[in-house]
Amino acid sequence: MEPLVQGFAAVLQPLNILYCFAGVLLGTVVGILPGLGPLATIAILLPITYKMGAAAAIIMLAGVYYGVAYGGTATSVLLRIPGEASSVITCLDGYMMARNGRAGAALGIAALGSFVAGTFGTVAISYVSAPLAALVFAFGPAEYTTLMIAALCAVTYFSGSSLPRSLLMAAFGLALGCIGADPMTMEPRLSFGSQSLAGGIELTSLAVGLFGFSELLALARKRPEALAIIRPPSGLLGFLPNREEWRRSVMPIGRGTVLGFLVGVLPGGGAVLATFLSYTLERKLSRHPEQFGRGAVEGLAGPETANNAGTAGSFVPLLCMGIPSNAVTAVLLSAFMIHGVTPGPTMIAKQPELFWTIIASMYLGNVMLVVLNVPLIGLLIRVINVSRAYLSPTILLLCVIGVYSASSDPVSIAVAVAFGFIGYFLRRHGYDLGLIVMGFVLGPILERSVRQALLISNGDVRVFVSSPLAIGLAIVSALVLIAGFWPRRPIPRLEEQT
Amino acid sequence: MRGRWPAVPLVVASATLLVQSLALDTWGMFGPGPGLFPISVSALCCVLSLALLAWPRIGVQGRESAQAEEAAEAPLEPAERRTFLTCVAALLLLAATALIGAGLIVMCVLTTLTITWFGERRSWRRALVFGILCALAGLVVFNRLLGVDVPSSPVETWLVRLTR
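Along every chain, residues carry numbers that run from 1 in the direction the sequence is written. Chains carry letters and ligands carry numbers; both start at the beginning, A for chains and 1 for ligands, and go up in the order they are written. Residue-level local features of this predicted model are given only where pLDDT is at least 70; pairs of side-chain atoms are given and counted only at 80 or more, and the full residue set underlies all totals for whole chains, interfaces and linings. Values shown for side chains rest on all heavy atoms present in the structure; no hydrogens or waters enter the calculation.

S.K.: What am I meant to see in the overall build of chain B here?
M.R.: Runs of H or I in DSSP of at least four residues are treated as helices and runs of E of at least two as strands, each being numbered from the N terminus. What chain B contains, in helices and strands, is seven helices and two strands. Going residue by residue from the N terminus, the α and β elements of chain B occur as α-β-β-α-α-α-α-α-α. Working definition: with a 1.4 Å probe on protein chains only, accessible area under 20% of the residue-type maximum means buried, over 50% means exposed, and in between means partly exposed. Looking at chain B as a whole, 44% of its 164 residues are labelled buried. Residue contacts are counted whenever heavy atoms from the two residues lie within 4.5 Å of one another. Counted over contacts in chain B with a minimum sequence separation of 6, partners at least 24 positions apart contribute 48%. Each accessible area value is a Shrake-Rupley result obtained with a 1.4 Å probe; residue values ignore everything except the protein chains displayed when judging cover. Per element, the accessible surface of chain B, about 8700 Å² overall, is 68% carbon and sulfur.

S.K.: Quick question: what am I supposed to make of the confidence of the model for chain A here?
M.R.: Any region with low pLDDT has predicted coordinates that should not be read closely. On average, residues of chain A score 77 in pLDDT, and 82% of them are at 70 or above. Here residues 490–498 of chain A is modelled with pLDDT under 50, and outside its nearest four sequence neighbours on either side it reaches 30 contacts, counting other chains as well. Confidence scores labelled pLDDT are given residue by residue by the predictor and lie between 0 and 100.

S.K.: Which parts of the structure should I look at to understand the packing of helix α19 (residues 388–407) of chain A against helix α6 (residues 124–145) of chain B?
M.R.: The angle between the axes and the distance between the axes are what describe a pair of packed helices. Taken N-terminus to C-terminus, the directions of α19(A) and α6(B) make an angle of 30°; their axes are 11 Å apart at the nearest point. Comparing the axis directions of α19(A) and α6(B) gives the class roughly parallel. Pair α19(A) / α6(B) crosses with right-handed handedness. Contacts between α19(A) and α6(B) involve Tyr390(A), Pro393(A), Thr394(A), Leu397(A), Leu398(A) and Ile401(A) from the first element and Arg126(B), Phe130(B), Cys134(B), Gly138(B) and Phe142(B) from the second. Under the scheme applied, nonpolar residues are Ala, Val, Leu, Ile, Met, Phe, Trp, Tyr, Cys and Pro; charged residues are Asp, Glu, Lys and Arg; polar residues are all the others, including Gly. Of the residues belonging to the contact of α19(A) with α6(B), the class tally is eight nonpolar, two polar and one charged. Axis definition: a line fitted to C-alpha atoms, limited for helices to the stretch in contact. Angles are taken between N-to-C directions and run from 0 to 180 degrees. Comment on the angle field: the value is read as roughly parallel under 35 degrees, roughly antiparallel over 145, roughly perpendicular from 65 to 115, and oblique elsewhere. Crossings are classed by handedness, with left-handed meaning an anticlockwise turn of the near helix from the far one by less than a right angle and right-handed meaning a clockwise turn.

S.K.: How do you make sense of the nonpolar core when you look at a structure like this?
M.R.: In a soluble, globular protein the nonpolar side chains are often hidden away together inside. Counting residues in hydrophobic clusters, the biggest one holds 162 residues, and the most contacted among them are Leu168(A), Leu206(A), Phe213(A), Leu319(A) and Leu94(B). Beyond its immediate chain neighbours, meaning those up to four positions away, Leu168(A) contacts Tyr431(A), Leu10(B), Cys45(B), Leu48(B), Ser49(B) and Leu52(B). Each nonpolar core is a collection of buried residues, namely Ala, Val, Leu, Ile, Met, Phe, Trp, Tyr and Cys, held together in the definition by side-chain atoms within 4.5 Å. Counting six residues, the second-largest nonpolar core is a separate cluster that includes Ile89(A), Phe276(A), Tyr279(A) and Phe292(A).

S.K.: Even after reading the chapter, I still don't get helix α1 (residues 2–11) of chain A, so can you show me in this structure?
M.R.: Every α-helix carries 3.6 residues per turn, so stepping three or four residues along brings you back to the same face. Residue and element names in this part refer to chain A. By the burial criterion, the buried members of α1 are Leu4, Gly7 and Val11. Seen along its axis, α1 keeps its buried residues to an arc of 55°; they face one direction. Pointing more than 90 degrees away from the buried face of α1 are the exposed residues Glu2 and Val5. What the arc covers is the set of directions going from the helix axis to the C-beta atoms.

S.K.: Could you clarify how one ought to interpret the interface of chain B and chain A in this entry?
M.R.: When the parts of a complex come together, some accessible area is lost, and that lost area is often taken as the interface size. Listed by partner, the interface residues are 71 residues for chain B and 72 residues for chain A. Accessible area that two parts lose when put together, with a 1.4 Å probe and added across both, is what the buried area reports. Across the chain B/chain A interface, buried area totals approximately 6400 Å², and carbon plus sulfur atoms make up 74% of it. The term salt bridge refers to a side-chain nitrogen of Lys or Arg lying within 4 Å of a carboxyl oxygen of Asp or Glu. Where chain B touches chain A, the interface holds zero salt bridges. The definition of a polar contact used here is a pair of N or O atoms within 3.5 Å, where within protein one atom must be able to donate a hydrogen and the other to accept one, and adjacent residues in sequence count solely through side-chain atom pairs. Where chain B meets chain A, there are four residue pairs in polar contact (both at pLDDT 80 or more). Of all the elements in the fold, those that place two or more residues in the side of chain B that touches chain A are α1 (7–22), β2 (31–32), α2 (36–54), α3 (62–72), α4 (78–99), α5 (104–119) and α6 of chain B. Among the residues forming the side of chain B that touches chain A, the class breakdown is 46 nonpolar, 16 polar and nine charged.

S.K.: Even after reading the chapter, I still don't get the packing of aromatic side chains, so can you show me in this structure?
M.R.: In this description, a pair of aromatic rings is defined by centroid distance and the angle of the planes. Think of it this way: a Phe, Tyr or Trp ring, Trp meaning its six-membered ring, pairs with another when their centres are within 6.5 Å, and the plane angle makes it stacked under 30 degrees, edge-to-face over 60, tilted otherwise. Taken as a whole and assessed by the stated rule, the structure comprises four aromatic pairs over all chains. Judged by centre distance (5.5 Å) and plane angle (75°), the rings of Tyr279(A) and Phe292(A) are edge-to-face. With a gap of 13 residues between them, Tyr279(A) in helix α13 (residues 270–285) and Phe292(A) in the loop between α13 and α14 (297–313) connect regions that are remote in the sequence. With centroids separated by 4.9 Å and ring planes inclined at 75°, the aromatic side chains of Tyr390(A) and Phe130(B) adopt a geometry described as edge-to-face. A residue pair is termed interchain when its members come from two chains, as with Tyr390(A) in helix α19 and Phe130(B) in helix α6. You can call Tyr390(A) buried: its relative accessible area is 14%. One cation-aromatic arrangement involves Arg165(A) over Tyr431(A); the distance from NZ or CZ to the ring centre is 4.5 Å. Looking at Arg82(B), its charged tip hangs above the ring of Phe118(B), at a distance of 4.8 Å from the centre. In our convention, an over-ring charge means Lys NZ or Arg CZ found within 6 Å of a ring centre and within 35 degrees of that ring's normal.

S.K.: When you look at a nonpolar patch on the surface in this model, what are you seeing that I'm missing?
M.R.: All names here are of chain A. Two distance rules govern patches: like charges are joined within 9 Å, and nonpolar side chains (Val, Leu, Ile, Met, Phe, Trp, Tyr) within 5 Å, applied only to residues with over 30% relative accessible area and no salt bridge. Nonpolar side chains collect at one region of the surface, where Val465, Ile471, Ile475, Leu479 and Ile482 lie side by side and expose about 460 Å² of accessible area between them. Within the secondary structure layout, isoleucine 471 lies in helix α22 (residues 468–484). Looking at isoleucine 471, the relative accessible area reads 36%, which means it is partly exposed.

S.K.: Can you help me understand unusual backbone geometry in this one?
M.R.: Backbone geometry at Phe192(A) places phi at a positive 55°, although glycine is not the residue there. Checked against the element boundaries, Phe192(A) lands in the loop between β2 (188–189) and α9 (195–198). Backbone geometry places Arg121(B), a non-glycine residue, at a positive phi of 60°. Among the secondary structure elements, Arg121(B) is positioned in the loop between α5 and α6.

S.K.: Got a minute to help me understand α2(B) in this structure?
M.R.: To estimate the expected span of a helix, subtract one from its residue number and multiply by 1.5 Å. Its 19 residues give α2(B) an end-to-end C-alpha distance of 27 Å, which sits within 8% of 27 Å, the value for a rise of 1.5 Å per residue. All of the buried residues along α2(B) are Phe37(B), Pro38(B), Ile39(B), Val41(B), Ser42(B), Cys45(B), Cys46(B), Leu48(B), Ser49(B), Ala51(B) and Leu52(B). Where α2(B) is buried, its residues contact α8 (163–178), β2 and α21 (434–456) of chain A together with α1 of chain B.

S.K.: What should I look at first to understand the environment of Gly443(A) in this one?
M.R.: Mapped onto the elements of the fold, Gly443(A) is located in helix α21. With relative accessibility at 1%, the residue Gly443(A) sits in the buried group. For the pair Gly443(A) and Gly177(A), spaced 266 residues apart in the sequence, the C-alpha separation amounts to 5.5 Å. The residues touching Gly443(A), leaving out its near neighbours within four places in the chain, are Leu174(A) and Phe37(B).

In structure tokens, the structure reads:
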């Protein structure tokens, strides 16, 4: 308990509170823009933290993460544009609530659910992270390799597209991560003789191109009347959920919190799976399943809470094992590394003050989210009503600044544009772009583990099945791959919803 | 062939990556070489993309996905086609201006004029003013206040100096 108190002492300094507030505000404002989900938003806002200290930067990014998650909910509810896969379910009943004149109520329930889920998740992280970190010391390079392969297999299994397509995207991400100088010999790899590629591809160019620019192209295909449909509520009471809506939300929020956190801890499952499971559960338990898809409060409250609880849960593998469980935490991992922080068991042992500061900043971020966003709901609804004619150039400006600031190289903007077209082509044909980013971030870590393991074993590949842990993880990977070929219900994608 | 053609560029990309990787050593004096991992993953890319080319049905998950695939190939209405093409043009313009070293103001003004005036048929004066305001806001908020690098030409440098 004492380290957590010290973490709070660090976080509650006026400057850090200001950073947290700024992070939540920026995250919410940028996150509500259609096309900029958490992944692209964090990538864009990451450079803002370059000149800060590690603790301040991470406090601000935690605020950005919570703010973005809530901002993404706003676009899903108001425009039916999910910022990311985990917001897809919110589009179903949240958007219908907005069309029924309950946009403010939907956003209010989402804010409260997010607060409850985030707070529960942070408390749970405080208690489970230390035991998990102790377990992680059992992992050598071979176990790490099999663990990461298992995580990649799990993510591909739970993605929205078929297993071969998902695996292909993850493999492309791994290959893109190899571009640039070899970390051991410094030999240029896959650079096609280009000096610009010799240093590798910037993560920001990849993420902003695949998500930001490709979303601009996707938005351009939509009819204007399909975007501008929400009339802002006129008074404060219009924003608040009524008693009946609160009553119907309580149990889904409770169930979504527990379910979301448990599923979020699993590498690969994360928030996306949690929202789909929660929606299925709530529809199964509801007395009015026929209302689902037509504006059922439970259909919003459960998945939206599960989404945030899953987000908190996904911090467990990141903080305790240094393994991102989804594309967003992969970007956060890179943010940690930029600031010289390597999440994992060594962080808890060597930098306990920083670890507990991060935990405390999550509490603060959750409180800020509610304090800031509930009064801002009315304003958010007005901002979202901006015409596409002015929204697209604004998104473009943010993307350009985000990409350029990461490398100070104009070529990176051209690279991002190229990835924008590639991303647009891939998403139009049903490929999951998040897996490319996931593979891109995990690639160098996976390669290092593979090479270390082979070096230790003098090239004997049996090292990867030499311990019970490695064997277990290899079996899990194989089972997930086999299960992936089994016919299953498809997870709806944006193009299928609209 | 209709369901197969999206896999063609992926096969080409995978094959290119594999050819590049094969030039690297798989084993060196320090153990596993720089080519081991790239060859493995690009070979996996090749196998999967060839499988999707040969058997497109394995890439389609259920009836809904098949319908989405058909929707992706559906032709655009003239108005949406215009908006879409101007957005494509704006992105190409952005890449071109970045490569010639133009600053944020030129990038913003050109892309805003393309999207807002030409694509969305708003007044060119409004588009121009909005583009300039966007660029100035980017310069002041991100560069001046937050210290973030933005694409700069002598004009941007001069403007930022003015605010100091």
